[in-house]
Amino acid sequence: MGLVAPLLALAVGSFVILAARENPLAAYGALVNGAFGSVQGLAETLAQTTVFVFAGLSVAIAFRAGLFNIGAEGQLVSGALCAAVAGAYVHLPSPLEIPLCLAAGALGGAILGSIAGALRARYGASEVITTIMLNYIAYLGANYLVSGPLRGSPFAPETATIDTTAMLHPIIPDTRLTAALPLAMLTAAALWWWLRATVAGFELRTVGRSERVARYAGISVPGVILKTMALSGALAGIGGACEVMGLLHRFNAQLSPGYGFTSIAVALLAQSNPLGVIASGFFFGVLQNGALSMQSQAMVPKDLVSIIEGLVILFVSASWAGSRLTVHRAPATADPLAPDGPLTSGPA
Amino acid sequence: MDMSVIVAVLAITVIKATPLLYAGLGGVISENAGVINIGLEGMMAAGAFSAVAASFFWHSVALAVICAVISGALLGILLAYLAISARANQIIVGMAINVLGIGGAAFLLALVFGQPGASPEVRSFADVAAGASGLVADLERYALVWLGIVLVVAMQIFLYRTKPGVHLRAVGEAPHASLAAGIDVVKYRYAATIAGGALAALGGAYLSIGEVDLYSDGMVAGRGFIALAAVIFGRWNPLGTAGACLFFGFFSSLQIALQRANVPAALLEMLPYLLTIVAIAGFIGRARPPAADGVPFTP
């Protein structure tokens, strides 16, 4: 599978460009040039990749447990807000402040994830629906907080600037590429190992294969669901924290233009493999950053990238049709919004 | 509060409920046939944009509505094909449709009108009504509101009192039994999904040329997801969903009324989402969807 979906999506995208009476080669050329053509360009691409890797890992790890986390967007916002508050109001030296802010971000995301996890584990509420709703609750709540109690700027609804000791500084001068990217890659590698080599990782995958089998094996399915959603939320939350600590240095509710939704495409393209998420996160980083050059140089609106993203999701979903998504499913219960139902069967 | 404020709040309630209602009815019909539609948001964006583009080029509100319906039906066909024929995961396909609908509208907005952000003003329902007076003007100005009310009643009767409607629900509850009884499961699911797409797009058209007279990025603003919530809240039937839409619309209108009263708007805005979580978790009676909702049908 691997490369087929993005290549097909780019191919269909080129027809879209043709229909717009522009030259696909020129457009993709400008995109690639913008994304790779200079040290600054490449560094920006990698900076954009970071958030896709964290959010992609969030969705991927949930998929592995058979859970569909559509809430990475809200978890990212919540994590970013918590990190910004920690960064602005706690004053510590860097070696303490940076881990603290990352932990605050993880906690912010994990809280939202856990709510969805607990409702699913305890009441059988579909995490698809609850995470969608929590996205809006997080966005509106954050917007309210930075417009009122947490407002730290006289000019815009945003928090105060975080301490210098809380900032992640560029590792290449004059770019926005920070240590957040290596951190994201290490996290991906650690998750890959954890899934393969630990009992907890095995339990998570078993629940993803079949909740019934997991139950027979004596695994606490509700426990795994709760822990997975907390971990999934924490990963997205760290992604949000890195946006604040490395790029924006403060929080506003508009900080994510839908990274959490793109991360669904990232995870699907990576077939939920944490190491694959690095590659697919990079693919979407290239698209995201290159789109601006494509728009300014080849006159193709940058929103072409969204169309390509949607096509990637479609092609991946179609290629799985009737195979893995249904084969490993526990017997369908009558209620798809209840625990064993098909809504919750992600790619195993 | 005097009478005029109450009347204004009620009027705004209905106006705010209408786009949710169309998308919600779209969700009701497809989910009753067993296809869950997470892509309502994208279908609304497609409808809202198509209506504006058609009205821009042909200066006709009727053609605008027709184009919106076609755009939604096309996305409905895409969802139907992948969900029913290819048996893909319906949630994933729905998310793809959201991305395609919203991204496609933004792409075309920049391309067709040469300006990102918002389209120019086009001929809208308000312009049509400006030529008339009295009752006729009201009928024309709020044509989509009246049509929405008619559709609720019509769909309730269709689903519960007619043979094709009962068959449609049977297909969503027990597809294999329906097949054994000689009902064409695939045909019903296709028809319901395509109709659902068309309805959601009509809700989008109401937003762009019914409420205002242009398309702007982010205009749908999560209404497709609130509609999804309204379907759950309304227990998957048209009347219940209409009730939920009115309830959510009431909170939108309260927000407007209470803006001066210094009540945090965000907290009121959150309410539909919070209530949906409460409903789906079963705290206020079990919300039970059609039994085969979201399940691919394998004969």
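What you see is a predicted model; the values in this text were computed from it and never measured. Starting afresh in each chain, residues are numbered from 1 along the sequence in its written order. For this description, chains carry letters from A and ligands carry numbers from 1, given in the order in which they are written. Owing to the predicted nature of the model, reporting of local features is limited to residues with pLDDT of at least 70; listing and counting of side-chain atom pairs is limited to 80 or more, with chain, interface and lining totals taken over all residues.

Description of the overall build of chain A
Okay, step 1: Under the DSSP-based scheme used, a helix requires at least four consecutive residues in state H or I and a strand at least two consecutive residues in state E, with every element numbered from the N terminus. When helices and strands are tallied, chain A shows 14 helices and zero strands.
Okay, step 2: The order of helices and strands in chain A, counted from the N terminus, is α-α-α-α-α-α-α-α-α-α-α-α-α-α.
Okay, step 3: Computed over its C-alpha atoms, the radius of gyration of chain A comes to 20 Å, within 12% of the 20 Å expected for a compact globule of 348 residues.
Okay, step 4: Viewed in the frame of its principal axes, chain A has a C-alpha envelope of about 55 × 55 × 35 Å.
Okay, step 5: Three exposure classes are used, all based on how many other C-beta atoms lie within 10 Å of a residue's own C-beta (placed from the backbone): buried at 20 or more, exposed at 12 or fewer, and partly exposed between those limits. Taking all 348 residues of chain A together, 61% fall into the buried category.
Okay, step 6: Note that contacts rest on C-beta atoms placed from the backbone: two residues are in contact if these are within 7 Å. Restricting the contact set of chain A to residue pairs at least 6 apart, pairs at least 24 apart contribute 77%. Within these notes, the globule rule equals 2.2 Å times the number of residues to the 0.38 power, and the radius of gyration is based on C-alpha atoms.

Digging into the overall build of chain B
Okay, step 1: Counting secondary structure elements, chain B contains 13 helices and zero strands.
Okay, step 2: For a compact globule of 299 residues, the expected C-alpha radius of gyration is about 19 Å, and chain B comes in at 19 Å, within 12% of that figure.
Okay, step 3: By its C-alpha atoms, chain B is 55 × 45 × 35 Å across when sized along the principal axes.
Okay, step 4: Split into buried and exposed, the 299 residues of chain B put 55% on the buried side.
Okay, step 5: Considering only contacts in chain B between residues 6 or more positions apart, those separated by 24 or more positions represent 78%.

A short note on the packing of helix 2 (residues 24–36) of chain A against helix 12 (residues 274–298) of chain A
All names here are of chain A.
Okay, step 1: Their axes nearest at 7 Å, the elements helix 2 and helix 12 cross at an angle of 125°. Taken together, the axes of helix 2 and helix 12 lie oblique to each other. Between helix 2 and helix 12 lies a crossing whose hand is right-handed. Residue-level inspection shows Ala26, Ala27, Ala30, Leu31, Val32, Asn33, Gly34 and Ala35 of helix 2 in contact with helix 12, the latter providing Val286, Asn289, Gly290, Ala291, Leu292, Ser293, Met294, Gln297 and Ala298.
Okay, step 2: Residues are grouped as follows: Ala, Val, Leu, Ile, Met, Phe, Trp, Tyr, Cys and Pro are nonpolar; Asp, Glu, Lys and Arg are charged; every other residue, Gly included, is polar. Of the residues assigned to the contact of helix 2 with helix 12, the class counts are eleven nonpolar, six polar and no charged. Only C-alpha atoms enter the line fits that serve as axes; for helices the fit covers just the stretch in contact. Angles between N-to-C directions range over 0 to 180 degrees. Geometric relationships in this document are graded by angle, where less than 35 degrees denotes roughly parallel, more than 145 denotes roughly antiparallel, 65 to 115 denotes roughly perpendicular, and other angles denote oblique. Here a crossing is called left-handed whenever its near helix is offset anticlockwise from the far helix by less than a right angle, and right-handed whenever the offset is clockwise.

A word on helix 7 (residues 143–161) of chain B
All names here are of chain B.
Okay, step 1: A helix is expected to span 1.5 Å multiplied by its residue count minus one. Over its 19 residues, helix 7 extends 26 Å from the first C-alpha to the last, a length consistent with the 27 Å expected when each residue adds 1.5 Å.
Okay, step 2: Listed as buried for helix 7 are Leu144, Val145, Gly148, Met155 and Leu159. Down the axis of helix 7, the buried side of the element spans an arc of 100°, and every buried residue falls inside it. Opposite its buried face, helix 7 presents the exposed residues Val150, Val153, Ile157 and Arg161, each directed more than 90 degrees away. Our arc is simply the arc of the directions from the helix axis toward the C-beta atoms.

Re the nonpolar core
Okay, step 1: Residues Ile313(A) and Ala48(B) are the most contacted members of the largest nonpolar core, which totals 226 residues.
Okay, step 2: With sequence-adjacent residues up to four places away left out, Ile313(A) is seen in contact with Ile264(A), Ala265(A), Leu268(A), Ile92(B), Met95(B), Ala96(B) and Val99(B). Note on terminology: a nonpolar core is any set of buried Ala, Val, Leu, Ile, Met, Phe, Trp, Tyr and Cys residues joined through C-beta atoms within 7 Å.

Description of the environment of Pro175(B)
Residues and elements named next belong to chain B.
Okay, step 1: With respect to the helices, strands and loops of the structure, Pro175 is situated in helix 9 (residues 175–180).
Okay, step 2: Each C-alpha atom, one on Pro175 and one on Ala292, is 7.2 Å from the other, the two residues being 117 residues apart in sequence.
Okay, step 3: Each residue touching Pro175, except ones within four places of it in the same chain, is listed here: Gly34, Val185, Ala292 and Phe297.

So, unusual backbone geometry
All names here are of chain A.
Okay, step 1: For His249, which is not glycine, the phi dihedral falls at a positive 65°.
Okay, step 2: Tracing the sequence through the fold places His249 in the loop between helix 10 (221–248) and helix 11 (259–269).
Okay, step 3: Even without glycine at this site, Met299 takes up a positive phi of about 60°.
Okay, step 4: Assignment of secondary structure puts Met299 in the loop between helix 12 and helix 13 (304–320).

A closer look at the confidence of the model for chain A
Detailed conclusions should not be drawn from predicted coordinates in areas where pLDDT is low.
Okay, step 1: For every residue, the predictor reports its confidence as pLDDT, a number between 0 and 100. The predicted model of chain A averages 89 in pLDDT, with 91% of residues at 70 or higher.
Okay, step 2: Considering only residues more than four positions removed or in separate chains, one finds that residues 322–348 of chain A, a stretch of pLDDT under 50, has 69 contacts.

Topic: the interface of chain A and chain B
Okay, step 1: Contacts between the two partners involve 43 residues from chain A, matched on the other side by 42 residues from chain B.
Okay, step 2: Among the elements of the structure, helix 5 (94–123), helix 6 (127–147), helix 11, helix 13 and helix 14 (324–327) of chain A are those that each provide at least two residues to the side of chain A that touches chain B.
Okay, step 3: Looking at the side of chain A that touches chain B, the element that brings in the most residues is helix 6 of chain A, giving eleven residues.
Okay, step 4: A class-by-class count of the residues in the side of chain A that touches chain B yields 31 nonpolar, nine polar and three charged.

What about the environment of Met155(B)?
Okay, step 1: With respect to the helices and strands, the residue Met155(B) is situated in helix 7.
Okay, step 2: Sequence separation between Met155(B) and Gly103(B) is 52 residues, and the spatial gap between their C-alpha atoms is 31 Å.

Structural notes on the environment of Leu147(B)
Okay, step 1: Mapped onto the elements, Leu147(B) comes out in helix 7.
Okay, step 2: In sequence terms Leu147(B) and Leu111(B) are 36 residues apart; their C-alpha atoms lie 32 Å from each other.

What about helix 4 (residues 90–113) of chain B?
All names here are of chain B.
Okay, step 1: For helix 4, which comprises 24 residues, the first-to-last C-alpha distance of 33 Å matches the rise-based estimate of 34 Å (1.5 Å per residue) to within 8%.
Okay, step 2: The element helix 4 is largely enclosed, with a buried count of 21 among its 24 residues.
Okay, step 3: One or two residues past the end of helix 4 sits Gly114, with phi positive at roughly 65°.

What about the packing of helix 1 (residues 3–32) of chain B against helix 10 (residues 185–211) of chain B?
Residues and elements named next belong to chain B.
Okay, step 1: Remark: helix 1 packs on helix 10, axes separated minimally by 7 Å, with the N-to-C direction vectors making an angle of 170°. Put simply, helix 1 runs roughly antiparallel to helix 10. Of helix 10, the residues touching helix 1 (which contributes Ile15, Thr18, Pro19, Tyr22, Ala23, Leu25, Gly26, Gly27, Ile29, Ser30 and Asn32) are Ala192, Thr193, Ala195, Gly196, Gly197, Leu199, Ala200, Leu202, Gly203, Tyr206, Leu207 and Glu211.
Okay, step 2: Taken together, the residues of the contact of helix 1 with helix 10 break down into 13 nonpolar, nine polar and one charged.

Quick notes on the confidence of the model for chain B
Okay, step 1: Per-residue confidence for chain B gives a mean pLDDT of 91; residues scoring 70 or more make up 96%.
Okay, step 2: Complex prediction metrics read pTM 0.91 and ipTM 0.91.

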